[in-house]
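# Structural characterization, general
What follows is each chain in one-letter form.
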Amino acid sequence: MIESVGKCMASLIHELLDILKEEQACYEEILACSKEKTEYIIEGDTNSLQILTTTEQSLTGRAFQLGKKRETILEDMAIVLGQDPRTLQLTFLIQKMNNMPKEQEQLQNLQKQLTTLMGELKQVNEQNGQLLEQSLEFIDFTVRALQSQHSGAGLSLYEKQGQTTDYEGHNFFDRKQ
């Protein structure tokens, strides 16, 4: 009985390692997309940004599916260990793997790498969010400036030598009435 539990756990650990490696690769691709997105945001390249966002959404869907598989494996491990599946954590598993030092080390390394990767991804996404917010604020400012400049009757603009001229502007934007 104990031997079959050990074989079952060993199999689950190898499945977990495989899924975590796939998740790591997927999140590395997402991070690369996020960094590329930063450049497109700065350049204002909306076409490339749109294409990249579609790619990123596909990768995020893949990461979600891998996360579901990981959760299923962890639930199975919790059952074998007699633990509550909702509270089982990698740190606990790592501590229980003394009889599998190679896999224990791999799991520790993957945990560290994924934690670092997620931190970097969070930082890049926050930066992208700030850049997008700044872009939207600039667009809003520009639109308001254009509207106010072109909406006032009798607005005067300076010409050469300090002379003014009346400016009858027209609105650049269609309005529904």
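None of these values were measured; they are calculated from a predicted model. (Residues numbered from 1 in each chain as written. Predicted model: local features only at pLDDT ≥ 70, side-chain atom pairs only at ≥ 80, totals over all residues. Heavy atoms only, no water.)

### Looking at helix H2 (residues 46-81)
Note: α-helices contain 3.6 residues per turn, so residues at a spacing of three or four share the same orientation. Its 36 residues give H2 an end-to-end C-alpha distance of 51 Å, which sits within 8% of 52 Å, the value for a rise of 1.5 Å per residue. Those residues of H2 that fall on the buried side of the exposure criterion are Leu49, Leu52, Glu56, Leu59, Ala63, Leu66, Gly67, Ile73, Leu74, Met77 and Ala78. One or two steps after H2, the chain reaches glycine 82, where phi turns positive at roughly 70°. (Helix = DSSP H or I, 4+ residues; strand = E, 2+ residues; numbered from the N terminus. Expected span 1.5 Å × (residues − 1). Buried < 20%, exposed > 50% of the residue type's maximum accessible area, 1.4 Å probe, protein only.)

### Some details on the pattern of salt bridges
One pass over the full model with this rule turns up 5 salt bridges. For glutamate 22, the salt bridge identified is with arginine 62, shortest N-O distance 2.7 Å. With glutamate 22 in helix H1 (residues 2-43) and arginine 62 in helix H2, this residue pair connects regions lying 40 residues apart in the sequence. Given the relative accessible area of 41%, arginine 62 is considered partly exposed. Glutamate 56 is the partner of lysine 37 in a salt bridge, and the nearest nitrogen-oxygen pair spans 2.3 Å. In this pair, lysine 37 is assigned in helix H1 and glutamate 56 in helix H2, connecting sequence segments 19 residues apart. Residue classification places glutamate 56 among the buried residues on the basis of a relative accessible area of 9%. (Salt bridge = Lys/Arg side-chain N within 4 Å of Asp/Glu carboxyl O.)

### Regarding a negative patch on the surface
Taken together, Glu15, Asp18, Glu71, Glu75 and Asp76 make up a surface patch of like negative charges. For the negative patch, the element with the highest residue contribution is H2, accounting for 3 residues. With respect to the helices and strands, aspartate 18 occurs in helix H1. (Patch = residues over 30% accessible without salt bridge, like charges linked within 9 Å, V, L, I, M, F, W, Y side chains within 5 Å. Areas by Shrake-Rupley, 256 points an atom, 1.4 Å probe, with all protein chains shown as cover. Lys, Arg positive; Asp, Glu negative; His and termini not counted. Charge placed at Lys NZ, Arg CZ, Asp CG, Glu CD.)

### Observations concerning a nonpolar patch on the surface
A cluster of nonpolar residues, Leu136, Phe138, Ile139 and Phe141, forms a patch on the protein surface that exposes about 470 Å² of accessible area. Following the sequence through the fold, isoleucine 139 ends up in helix H4 (residues 101-151). Its relative accessible area of 49% is what places isoleucine 139 among the partly exposed residues.

### Looking at the environment of glutamine 89
As for its placement among the helices and strands, glutamine 89 is situated in the loop between H2 and helix H3 (90-96). Among the residues examined, glutamine 89 registers a relative accessible area of 52% and is labelled exposed. Taking the C-alpha atoms as reference points, glutamine 89 and alanine 78, separated by 11 residues in sequence, lie 9.4 Å from one another.

### Overview of the environment of leucine 17
On the secondary structure map, leucine 17 appears in helix H1. When the C-alpha atoms of leucine 17 and leucine 110 are compared, they prove to be 8.1 Å apart, with 93 residues separating the residues in sequence.

### Concerning the nonpolar core
Grouped together as the largest cluster of nonpolar side chains are 37 residues, with contacts concentrated most on Ile13, Leu16, Leu20, Ile30, Met77, Leu93 and Leu107. Every element with two or more residues in this core is listed here: H1, H2, H3 and H4. Take this core: its biggest share by element is 15 residues, from H1. With near-sequence residues (within four places) excluded, isoleucine 30 lies in contact with Glu56, Leu59, Thr60, Ala63 and Leu121. (Core = buried A, V, L, I, M, F, W, Y, C linked by side-chain atoms within 4.5 Å. Contact = heavy atoms within 4.5 Å.)

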